[in-house]
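Residues per chain are reported as follows:
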Amino acid sequence: MERIYFDNAATTPLDPKVLESMMPYLTEKFGNPSSIYSYGRESRLAIENARKSVAKILNAHPAEIFFTSGGTESSNTAISAAVRDLGCTHIITSPLEHHATLHTVEHLHKTGEASVSYVELLPDGHIDLEDLKHKLAGSAEKTIVSLMHANNEIGNMLDIHAVGELCKLYGAYFHSDTVQTVGHFPFDLRNTPVHFVTGAGHKFHGPKGVGLLYINENVKINPFIHGGSQERNMRAGTENLYGIVGFARALELATAGFEEEGAYIKGIKVYMMEQLKKNVKGIAFNGDALGRSLYTVLSVSFPKTEKSEMLLFNLDINHICASGGSACTSGAEQGSHVIRAINNNPNQVTVRFSFSKHNTKDEVDYLVEKLKEMI
Ligand SMILES: Cc1ncc(COP(=O)(O)O)c(C=O)c1O
């Protein structure tokens, strides 16, 4: 039986058209981009064309785009650089951030390089902007704010402009983890008050192991990996040539399909909400599911029973892939730090379903039938 894949916030399948664009660089066009002969020049050109294309789509300057190994490296780099190179000694973040942010922040706190404040949350899981303002106003130290554009577990979306304006007002740097929104929503970075944003190719049908760090042109940081002169002396090491080519192609394809695919996927999400409400007793949706939210993510809490505790396991037996929160290696009992932060109800079992253009309403119907049997 075919698997049903409802875990697209964890990763997405590679688009065959993206693979096609990468293939020449996995085979005959193998030159090292730093080599001066024709093979090398061809590879260099492919990378710089990818950078130009990505910059154009995000309305940034190509010099502001750095290719990395993914969202994790990009967020590590931005936050650490703000502390080490830009003089920030205070970090304001939230308890809902991805571990790529939270563990970086905790490390900088532990080493004594920065103090940390966690912004308050509203009952629907959104960031309390009044509290952010209050914390910024009360911060005598140089501050970096790190708040994600969209939460990967509950889907809530931040008003990135409002936060950026607050940071501007109080002279703070602003990093936003945009891993769940790049490739899913339009960006206009030239007109967005943000210093660092991130991206990961595998969240929008591109390859794994390649990502993006945007650094606003007015921000100057030191190299984040030392060695050769790649990525304009900022990130040494022979480039992930085919990954970078694939990243740009995936972003081009995703951008061309935004509107139509976004509306289709939102239809799947809303349909699942309706069907679950109709057919499964006692369920609740986490976050602002029908409000300021990703169209790709639906977080569902089920009443805790002996049966529902086995839910992810039983979904897997029925060839349905979903997630118990973020892809977490430590097992179910520890649960999700995001769900704990917004709703500390131990009598619930939470499952995140996340969608792509490949999902169908038939798959939702199958899921709901199986859930009725399981619960
Ligand atoms: C919101 C968010 N930030 C960061 C990451 C990390 O990205 P990557 O796995 O490409 O390093 C992910 C993906 O797991 C994510 O969902």
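Conventions adopted
- Residues numbered from 1 in each chain as written.
- Predicted model: local features only at pLDDT ≥ 70, side-chain atom pairs only at ≥ 80, totals over all residues.
- Heavy atoms only, no water.
- Buried < 20%, exposed > 50% of the residue type's maximum accessible area, 1.4 Å probe, protein only.
- Helix = DSSP H or I, 4+ residues; strand = E, 2+ residues; numbered from the N terminus.
- Pairing = 2+ DSSP bridges.
- Salt bridge = Lys/Arg side-chain N within 4 Å of Asp/Glu carboxyl O.
- Contact = heavy atoms within 4.5 Å.
- Axes fitted to C-alpha atoms, helices over the stretch in contact; angles between N-to-C directions.
- Parallel < 35°, antiparallel > 145°, perpendicular 65-115°, else oblique.
- Left-handed = near helix turned anticlockwise from the far one by under 90°.
- Nonpolar A, V, L, I, M, F, W, Y, C, P; charged D, E, K, R; others polar.

A. Quick peek at the pairing of strand β10 (residues 297–303). Among the seven residues in β10, six count as buried, and that is most of the element. In the sheet, strand β9 (residues 284–285) pairs with β10 via two bridges, with the strands oriented antiparallel. Along β10, the bridge assignment pairs A284 with S301. Looking at chain direction, β10 and strand β12 (residues 348–354) are connected through seven bridges and run antiparallel. Along β12, the bridge assignment pairs S299 with R352.

B. Here's a closer look at the pattern of salt bridges. Going through the model one piece at a time under the given rule, you end up with 15 salt bridges. The closest approach of N and O atoms between D131 and K135, which form a salt bridge, is 2.7 Å. Taken as a pair, D131 and K135 lie in helix α5 (residues 129–137) at a separation of four residues, close to a single helical turn. Like K135, D131 is buried. The closest approach of N and O atoms between E261 and K357, which form a salt bridge, is 4.0 Å. Separated by 96 residues along the polypeptide, E261 in helix α8 (residues 241–279) and K357 in the loop between β12 and α11 (361–374) bring together distant segments of the chain. Overall, E261 belongs to the partly exposed group, its relative accessible area being 28%. Judged by relative accessible area, which is 27%, K357 ranks as partly exposed.

C. How the structure looks around the side chain of S299. Relative to the elements of secondary structure, S299 occurs in strand β10. With residues up to four places along the chain from it excluded, the contact list for S299 reads E153, I154, A284, F285, N286, I339, T350, V351 and R352.

D. The arrangement of the packing of helix α3 (residues 71–84) against helix α4 (residues 99–110) in detail. Taken N-terminus to C-terminus, the directions of α3 and α4 make an angle of 30°; their axes are 9 Å apart at the nearest point. For the element pair α3 / α4, the angle class is roughly parallel. The way α3 lies across α4 gives a crossing that is right-handed. Residues T72, S75, N76, I79, S80, V83 and R84 of α3 pack against A100, T101, T104, V105, H107 and L108 of α4. Taken together, the residues that form the contact of α3 with α4 break down as five nonpolar, seven polar and one charged.

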